[in-house]
Amino acid sequence: MTIILGIESSCDETGVGIVDLADDGGMTLLADEVASSVEQHARFGGVVPEVASRAHLEAMVPSMRRAVDTAGIALSDVDAIAVTCGPGLAGALLVGVAAAKAYAAALDVPLYGVNHLPGHVAADTLEHGALPAPCLALLVSGGHTQLLRVDDLATKITEVGSTIDDAAGEAYDKVARILGLPYPGGPPIDKAAARGDAQAIRFPRGLTGPRDARFDFSFSGLKTAVARWVEGRERDGEPVPVDDVAASFQEAVADVLTAKAVRAATELGIGTMIVSGGVAANSRLSGLARARCAKAGIELRVPRPRLCTDNGAMIAALGAHLVASGVRPSSLDLSADPALPVSTVSV
Ligand code: KG4
Ligand code: ZN
C-alpha cells in the first residue's frame, strides 16, 4: 500500500486529503479535511485574495494534523505528497506549495505539483472507480467552465471548450447579488428556483447561434440580461419575482451547459461524461444532464457534492494516478503558476 497526501489551496478552501493506493491501482479515501474561508469573503460578495492567503496560512497545519488523525496514520507513513500548483490565486497557491515542499523535504518523500482542474476529474474516481478512456469532463465552478477530453488522467487532457468570459459559478454569484441573495449565490438561487417558474422569462442562451464557437460558453450576456430585466421592473415600480428570475436564469445556464456537453460527447464519439466543480451540485444542472445523457446514450458520472467542491482528496487522488502511472515527481524548486494550462497535468 502507498499513502498519498494531497494539499489544495488554490482559492478559498484549505484542503488536505489522504488516499491509500493499492497495488492493483484501487484507491481508498482515508481523510478529506477542508477548512473554508468563505464566510470571511461573504460581505465582499467574492473571494478577497489576501484574506484567502492569510486563512490558508492559519488553517494549513491544523488541517494537516486533522487529516493524519482521521486517517489513523503517522506523518511518517506518507509515501508521496501532491499539491495544487495552479491555476488559482497566486498568494493562495504559494501557501500550499510552500507547505508541500516543507513536508516533502522533512519526510524525504517525492513531491508532485499538480493541476487543479484534472484534480476535479480525479475526484470522481474516488467515488466511481477508474475512468474509461476517453471520457468528457464538464468542469463548472466559481473560477472555471470547461469541457475537457480526458484520454489519460495522468498524461493526456485536452481542452475542447471553455468560457470566453464569466465562469458558470461566477454568473450564479453575480445574479445572486442582483437579486439580493447571499454569497456564494449557487445554493440560494438553487433554492429560490425550486419555488419559481423556469419558463417565466426567456433569458438568452449565450454562444448558441449557428456561427458561434461550438463548444465555448459565455455567461456575461446572460448576467447583464438578468440585471436589465430586474432594473426594468424596478423602474416600473413593479415587484421583482425573485423565484421566477432565479428559476429562469438557472434554466438558461443548465440548458446551455448540458446541450453543449452532450453535443461535444456525441460529435467526439465519447460515451462517458463527468460533471464536477461546485456548480455540479446544482439540482437542475444534474437533473437535465441526467435526462439528456440518458437520451443520447451517454453514461453520466457526478461525484457527491462534497467531492465536487474544492478539496484535498481530489489532489491526493490525482497524485495517486501519477504515482500509479510512473510519472516522474516534481523538483523541490517547484513554483506556483496561477495560469497553469489544463493540458499540463503535473509539472
Ligand atoms: O468548485 P467550487 O467550490 O470553487 C471554485 O470556484 O473552484 O465552486 C464554487 C461555485 C460558487 O460560484 C457557487 O455559487 C457555486 O459553485 N455553487 C453552485 C451550487 N453550489 C455551489 N451553483 C449552482 N448551484 C448550486 N447548488
Ligand atoms: Zn476548483
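Located above this text is the structure these notes cover.
What counts, and at which threshold
- Sequence order sets the numbering: in each chain, residues are counted from 1 along the sequence as written.
- All chains are assigned letters beginning with A, and all ligands numbers beginning with 1, in the order in which they are written.
- Residue-level local features of this predicted model are given only where pLDDT is at least 70; pairs of side-chain atoms are given and counted only at 80 or more, and the full residue set underlies all totals for whole chains, interfaces and linings.
- Values reported for side chains reflect all heavy atoms of the structure, with hydrogen atoms and water molecules removed beforehand.
- Among buried residues, those of type Ala, Val, Leu, Ile, Met, Phe, Trp, Tyr and Cys that are joined through side-chain atoms within 4.5 Å constitute a nonpolar core.
- Note on exposure labels: buried denotes an accessible area under 20% of the residue type's maximum, exposed denotes more than 50%, and partly exposed covers the range between, all computed with a 1.4 Å probe on protein chains only.
- Starting at the N terminus, helices and strands are each numbered in turn, a helix being any DSSP run of H or I of at least four residues and a strand any DSSP run of E of at least two.
- Should any heavy atoms of two residues lie within 4.5 Å, those residues are considered in contact.
- Water is not part of the atom set, so a site may look incomplete; the donors themselves are N, O and S atoms within 2.8 Å of the metal, or 3.2 Å for Na, K and Ca.
- By the criteria applied here, four donors are tetrahedral when all angles lie between 85 and 135 degrees, four are square planar and six octahedral when opposite donors are over 155 degrees apart and every other angle lies between 65 and 115, and any other arrangement is irregular.
- Think of it this way: one heavy atom of a residue within 4 Å of a molecule or strand is enough to make that residue near it.
- Here a polar contact means two N or O atoms within 3.5 Å. Within protein one must be a hydrogen donor candidate and the other an acceptor candidate, and residues neighboring in sequence count only if both atoms are side-chain atoms.
- Where accessible areas are quoted, they stem from the Shrake-Rupley method and a 1.4 Å probe; at the residue level, only the protein chains shown are allowed to cover.
- As a working rule, the residues Ala, Val, Leu, Ile, Met, Phe, Trp, Tyr, Cys and Pro are called nonpolar, Asp, Glu, Lys and Arg charged, and the rest polar, with Gly in that last group.
- Pairing between strands is defined by DSSP: at least two bridges between the two strands are required.
- To define axes, lines are fitted to C-alpha atoms, for helices over the stretch in contact only, and angles between the resulting N-to-C directions are given on a 0 to 180 degree scale.
- Here is the rule for angles: anything less than 35 degrees is roughly parallel, anything more than 145 is roughly antiparallel, 65 through 115 is roughly perpendicular, and the remaining ranges are oblique.
- The span one expects for a helix is its residue count, reduced by one, times 1.5 Å.
- Any cysteine sulfur atom paired with another within 2.5 Å is treated as part of a disulfide.
- Pairing of aromatic rings covers Phe, Tyr and Trp, the last through its six-membered ring, and needs centres within 6.5 Å; plane angles under 30 degrees mean stacked, over 60 mean edge-to-face, and all others mean tilted.
- Throughout this description, the term salt bridge denotes a Lys or Arg side-chain nitrogen within 4 Å of a carboxyl oxygen of Asp or Glu.

(A) Broad picture of the nonpolar core. Counting residues in hydrophobic clusters, the biggest one holds 47 residues, and the most contacted among them are Phe249, Leu257, Met273 and Val275. Ranked by residue count, the leading element in this core is helix H8 (residues 242-268), at 13 residues. If we ignore the near neighbours within four places in the chain, the residues touching Phe249 are Ala171, Tyr172, Val175, Ile189, Phe203, Leu222 and Val226. Counting 35 residues, the second-largest nonpolar core is a separate cluster that includes Val121, Leu131, Leu153 and Ala313.

(B) Structural detail: the coordination of the zinc ion (ligand 2). Distances from the zinc ion (ligand 2) to its protein donors, His116 (NE2), His120 (NE2) and Asp310 (OD), fall within 2.1 Å. Its 4 donor atoms give the zinc ion (ligand 2) angles of 85 to 140° at the centre, a pattern that matches the irregular case. Read in sequence order, the donor residues coordinating the zinc ion (ligand 2) give the pattern H-x3-H-x189-D. Of the two residues, His116 sits in helix H4 (residues 116-128) while Asp310 sits in the loop between helix H10 (305-308) and helix H11 (313-324), which places them 194 residues apart along the sequence. Take His116 and Asp310: they sit in the same class, and that class is buried.

(C) Up close: the site of ligand 1. Neighbouring residues of ligand 1: 18 residues in total, closest Gly142, Asp173, Gly186, Gly278 and Asn282. Here Asp190 contributes a side-chain N or O atom positioned 3.0 Å from a nitrogen atom of ligand 1. Take Asp310: an N or O atom from its side chain is 3.0 Å from an oxygen atom of ligand 1. Protein chains shield 88% of the accessible area of ligand 1, which is 560 Å² for the free molecule. Looking at the shell around ligand 1, the elements that each hand over two or more residues are helix H5 (168-178) and helix H6 (186-195). Looking at the shell around ligand 1 residue by residue, the classes come out as 5 nonpolar, 10 polar and 3 charged.

(D) View of the sheet that holds strand S8 (residues 156-162). Read from one edge to the other, the open sheet built from 5 strands follows the order S8-S7-S6-S9-S10, with strand pairing classed as mixed. Every interior strand has two partners, whereas the edge strands, S8 and strand S10 (299-301), have only one. Put simply, the sheet's adjacent strands are angled 25° from each other on average, direction ignored. Inspection of the sheet shows strand S7 (residues 145-152) paired to S8 by 6 bridges, in the antiparallel sense. Note on S8: the bridge partner recorded for Asp152 is Lys156. The sheet strands contacting H4 are strand S6 (135-140), S7, S8, strand S9 (272-276) and S10, and the helix crosses S6 at an angle near 115°.

(E) Focus on the sheet that holds strand S1 (residues 2-8). The sheet built from 5 strands is open, its strands ordered S3-S2-S1-S4-S5 with mixed pairing. Lying at the two open borders of the sheet, with one neighbouring strand each, are strand S3 (27-36) and strand S5 (111-115). Strand-to-strand twist in this sheet, taken as the mean axis angle between neighbours without regard to direction, amounts to 20°. Inspection of the sheet shows S1 paired to strand S2 (residues 13-21) by 7 bridges, in the antiparallel sense. Opposite Leu5, over in S2, you have Ile18 as the bridge partner. Strand contacts of H4: S1, S2, S3, strand S4 (80-86) and S5, with the helix running at about 100° to S5, the strand carrying the most contacts.

(F) Representation of the packing of H5 against H8 within the structure. At a closest axis distance of 11 Å, the pairing of H5 and H8 adopts a crossing angle of 175°. As far as their axial angle goes, H8 and H5 are roughly antiparallel. Two secondary-structure elements touch here, H5 through Ala168, Ala171, Tyr172 and Val175 and H8 through Phe249, Gln250, Val253 and Leu257. Partitioned by chemical class, the residues of the contact of H5 with H8 number 7 nonpolar, 1 polar and no charged.

(G) Layout of H11. End to end, H11 covers 16 Å across 12 residues, agreeing with the expected 16 Å (1.5 Å per residue, within 8%). Judged by how many residues are buried, H11 sits mostly within the fold: 10 of 12 residues are covered. Among the residues of H11, Ala313, Met314, Ile315, Ala316, Ala317, Leu318, Gly319, Ala320, His321 and Leu322 are the ones counted as buried. Looking one or two places after H11, you find Gly326, whose phi comes out positive at around 75°.

(H) Inspection of the state of the cysteines at higher detail. On inspection of all chains with the given rule, the structure shows 0 disulfides. With no disulfide of its own, Cys85 lies closest to Cys11 among cysteine sulfurs, the gap being 16 Å.

(I) Examining the packing of aromatic side chains more closely. Applying the stated rule across the entire model yields 2 aromatic pairs. For the pair Phe217 and Phe219, a centre-to-centre distance of 6.3 Å together with 10° between the ring planes defines the contact as stacked. Here Phe217 falls in the buried class, since its relative accessible area comes to 0%. Using a relative accessible area of 1% as the deciding quantity, one classes Phe219 as buried.

(J) Quick look at the pattern of salt bridges. All told, the structure shown has 16 salt bridges when counted by the stated rule. Of the charged contacts, one joins Asp151 and Arg149 as a salt bridge, the two residues approaching to 2.9 Å between their closest N and O atoms. Residue Asp151 is classed as partly exposed on the basis of its relative accessible area of 22%. Where Glu170 meets Lys174, a salt bridge forms, and the shortest distance between an N and an O atom there is 3.3 Å. Of this pair, Glu170 and Lys174 both sit in helix H5, separated by 4 residues, roughly a single helical turn. A relative accessible area of 26% places Glu170 in the partly exposed class. Overall, the relative accessible area of 31% leaves Lys174 in the partly exposed class.

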